Amino acid sequence: MSIRHLDSIFKPKRVAVVGASDSPQGVGYAVLRNMIGAGFDGVVYPVNAKRESVQGIAAYASVMDLPNTPDLALVCTPAPTVLGVVKQCAKAGIKGVVIISAGFRETGPAGLAVEQEILHVARQHDMRVVGPNCLGVITPRLGLNASFTVGMPGDGNIAFISQSGALGTSVLDWAQKKGIGLSHFVSVGNMMDTGFPDLIDYFGQDPRTKSLILYIESIVDARRFVSAARAFTRTMPIIAYKAGRFAQSAAAAASHTGALMGADDVHDAAFRRAGIERVFEIDDLFDCAELLGRQKPPSHGRLAILTNAGGPGVMATDALLARDGELAELEPATIEKLNGCLPAAWSHGNPIDVLGDATSQRYADAAELVLADPGVDALLVILTPQAMTDGQEVARRIGEVAGNTNKPVLGAWLGGASVEAGRLMLTQHNVPSYPSPERAIRGFMHLVSYSQNIQTLYETPSVVPIKGLGSHGGGGPLAGKPDTMLSEIDSKKLFQDFGIPVAMAEPASDADQAVALADAMGYPVVMKVRSPQITHKTDVGGVALGLEDKDAVCGAFARITESAARLRPEALIQGVSIQPMIGGRNGVEMILGVKKDPVFGAVLLAGMGGVTAEVLKDRVLGIPPLNERLARRMLESLRCWPLLAGYRGRPPVDIDGLIEVLIHLSFLVAEAPNIKELDINPLLVTPTGVTALDARIITDDTPGSPDAHYSHLAVRPYPMEYTEKAVLEDGVEVMFRAIRPEDEPRWHELLASCSAESLRARFFSTIGKTTHKMATRYCYIDYDREMAIVALINEGDSKRMIGVGRLVADPDHTDAEYAILVADKWQGHGLGNMLTSYCLKTAQHWGIQRVYGGTMIDNRRMIATFKEQGFDVVTESEEGMVFADRVV
């Protein structure tokens, strides 16, 4: 997650064009022409060893001959020469390079080897590289067109990162035609050095960028990508188009989970976890980016439709309901007020048809009343050209109304040239405008989806007790079991270790043993074939249910073993397994599973289970680790959710128990990186409990114990290793651990217990009543990027938060800013010093090199803590601040 030296690429003052050309057919010609013709205010140096001048500008033989060191070099020379050029750039001290030239990894192993040599040179000399095999970069505000595109987009607040140069040129051309401005454009090419995570981080710190568009063909470093995206989407939207949706990745799957989990489904799950809004039409990219960047996301999705024609209102309603949207129901008081300002023939409901002779005043009055309705979350205004209606004036009045509300307002001005001025007026008032009701609804549903996703990600989860986690002697639970398929019995034993209830099975090698086990368990029982080669037992007649007596068991043993041997003659039939027959009225058969995705690592699955799981395909994917809210959201998105929640008189199943199993499965996945595929199918969920009836685990040759960073997961799990107990000066025991989202209520209590003076010393401003939105910034953190250590004491049966220390790392993960807050009652007990010491130890373990912080000049306790902990302290008396830093 490095943004080091990216300013050299996106904010250069001097640029060298290596391979600049006079030939209009050459890339070097187009790049130099764009650099000198787009209004760049810096210096441009053409570099061409064979010419004295290029395009009328004095040329230089190499970058070594330039009068001043450029910030950026644009390399347009043939592939075989690029390594030498990059070496010269390194020797000249150039920190930014864009390699436009093609002919590297895309050509095969030899090209890849050259690419790796270039990367080695870049890393050795602390250079940043975009490309190779790319279109270039553009920063319109600076007049920087370091590309071979045709034309230059206007200045705007949307950054666009494209993995396809060809598509990039098309979209740029389309954006110019539509008058859509960009803050930056980057064609990343082969992403040898600078990739999506670096650029997301960089543009996240750019004050001119308000939204981000990604065109993605493949993701290389999923962990860094998800982390960067999560940081960006806390405050600004990311809209992504992912190409290659229908890869046939499930053909060779060995489990139900593998067959149900396609590559595109995994990307969907990862995007949701990162807060990214995905679109499936190129047309939606900029529509969505403008909408999400301009409009505050609605609290809910109830839409009101205001129109001067009935037909378009019906079209909008149809489009809304087809996408599972919600048409707002107007309150009686609102309808009464509308009766007072609209003709008697108005529609008296939603859509609000203000009739074809509507004036701008009628539109504005109706819009104000509808937006004031508490049951309305957003408004779509539709206008069709009528002789009595001034589309431009209506747009102006609607723009004024939109400026006085915090609810989203969208416009659909239908028609051609006659409404063009009205659309432009809407745009000038920051009201998104669309050419059709359907397209407006599509945009609105993206806004709703984005809003709901962000709200869910940062909704306070309930505390779920984690119990029954077995000890594995310091190794992973599947250490020493590579490339194997665990038996059902071994799989269930592991699930038991992780607190997942199972119907335990016992092995039987012959009919007599099977009968003895059944007698001991009590009838009825279930019998299943036992073979390491047979994964889908039902397919070979390998399952018998509800066996009521000895004769039924003997008969089933003969049928199952004969059928399995006949249908799978190559399989080793080891006998059968016997387990109690567990039923339950109003039960639902579910499937829970895990699959290791080559990009995003371990992925969880939940859905309708049983033998029809692959037919029904009612399933949802989630990226571990899970908390209560994320697990619940997965279940709520299933089509079978009404059955789980209670449907037509059926009692609800044990949803809390099901959520608990999902979370425990998430823990298992974190601790066992060599799980390739895992099935619990069926998982029987009844009103009184949850039981795994069948199970299988397939491992690969990954080490069986997780590394320190849990690199087999796309999201860093909760760092349990940062938990430690200590004793304060007065003998009170305190626990230090990393903060959790579930700590939000304790965080609110901590801040409520602090004086205004203590809060001002921590936040450098007055803090009013704390809100959930404020808490999400401090309690919902990415443990790859920041760490908050809380101090907890026992208070009866609960724990109270009495202090918190926070480390926020820079994107390069070398420096971290430190801050601390201690409850007033616990100041002067040595807690601040202990918490600071523990945070410094955490920073060292976390790989941070330098910690820095600041406080007000009158905060004597904090200044004393800084000094006692070895910080270098500098006082800025004019600013009334003290700044401190130390090497870790």
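Above this text is the structure in question.
Residues numbered from 1 in each chain as written. Predicted model: local features only at pLDDT ≥ 70, side-chain atom pairs only at ≥ 80, totals over all residues. Heavy atoms only, no water.

(A) Highlighting the packing of helix α3 (residues 79-92) against helix α4 (residues 109-124). Remark: α3 packs on α4, axes separated minimally by 10 Å, with the N-to-C direction vectors making an angle of 0 degrees. Classed by the angle they form, the pair α3 and α4 counts as roughly parallel. Across from Val-82, Leu-83, Val-86, Lys-87 and Ala-90 in α3, the residues of α4 making contact are Glu-117, Ile-118 and Val-121. Of the residues that constitute the contact of α3 with α4, the class distribution is six nonpolar, no polar and two charged. (Axes fitted to C-alpha atoms, helices over the stretch in contact; angles between N-to-C directions. Helix = DSSP H or I, 4+ residues; strand = E, 2+ residues; numbered from the N terminus. Parallel < 35°, antiparallel > 145°, perpendicular 65-115°, else oblique. Contact = heavy atoms within 4.5 Å. Nonpolar A, V, L, I, M, F, W, Y, C, P; charged D, E, K, R; others polar.)

(B) Representation of unusual backbone geometry within the structure. In the segment running from Asn-350 into Pro-351, the intervening peptide bond is cis, with an omega of 10 degrees. Among the secondary structure elements, Pro-351 is positioned in the loop between α12 (332-341) and β17 (352-353). Here the bond from Tyr-523 into Pro-524 is cis, since omega is -5 degrees, no more than 30 degrees from zero. Residue Phe-764 is not a glycine yet carries a positive backbone phi of 60 degrees. With respect to the element layout, Phe-764 can be found in the loop between α25 (756-763) and α26 (772-779).

(C) Spatial organisation of helix α7 (residues 222-233). Taking 1.5 Å as the rise per residue, α7 with 12 residues should run 16 Å; its terminal C-alpha atoms sit 16 Å apart, in good agreement. Along α7, 10 of the 12 residues are buried, which leaves the element largely enclosed by surrounding structure. Taken together, the buried positions of α7 are Ala-222, Arg-223, Phe-225, Val-226, Ser-227, Ala-228, Ala-229, Arg-230, Phe-232 and Thr-233. Buried positions along α7 lie against α6 (196-204), β12 (211-216), β13 (238-242), α9 (263-274) and α16 (437-457). (Expected span 1.5 Å × (residues − 1). Buried < 20%, exposed > 50% of the residue type's maximum accessible area, 1.4 Å probe, protein only.)

(D) Looking closely at a nonpolar patch on the surface. A surface patch of nonpolar side chains, about 250 Å² in accessible area, is lined by Val-543, Leu-545 and Met-581. For Met-581, the location among the structural elements is in the loop between β25 (575-580) and β26 (588-597). (Patch = residues over 30% accessible without salt bridge, like charges linked within 9 Å, V, L, I, M, F, W, Y side chains within 5 Å. Areas by Shrake-Rupley, 256 points an atom, 1.4 Å probe, with all protein chains shown as cover. Salt bridge = Lys/Arg side-chain N within 4 Å of Asp/Glu carboxyl O.)

(E) Seen up close, the sheet that holds strand β38 (residues 872-876). Pairing is mixed across the open sheet formed by eight strands, whose spatial order is β32-β33-β34-β35-β36-β37-β39-β38. Lying at the two open borders of the sheet, with one neighbouring strand each, are β32 (724-727) and β38. The mean angle between the axes of side-by-side strands here comes to 25 degrees, regardless of whether they run parallel or antiparallel. As paired elements, strand β34 (residues 786-795) and strand β35 (residues 798-809) share 10 bridges and run antiparallel to each other. Considered in β35, the bridge of Ile-789 is made with Gly-805. Packing against the sheet, helix α24 (residues 744-752) makes contact with β33 (733-738), β34, β35 and β36 (815-822), and its axis sits at approximately 90 degrees to β35. (Pairing = 2+ DSSP bridges.)

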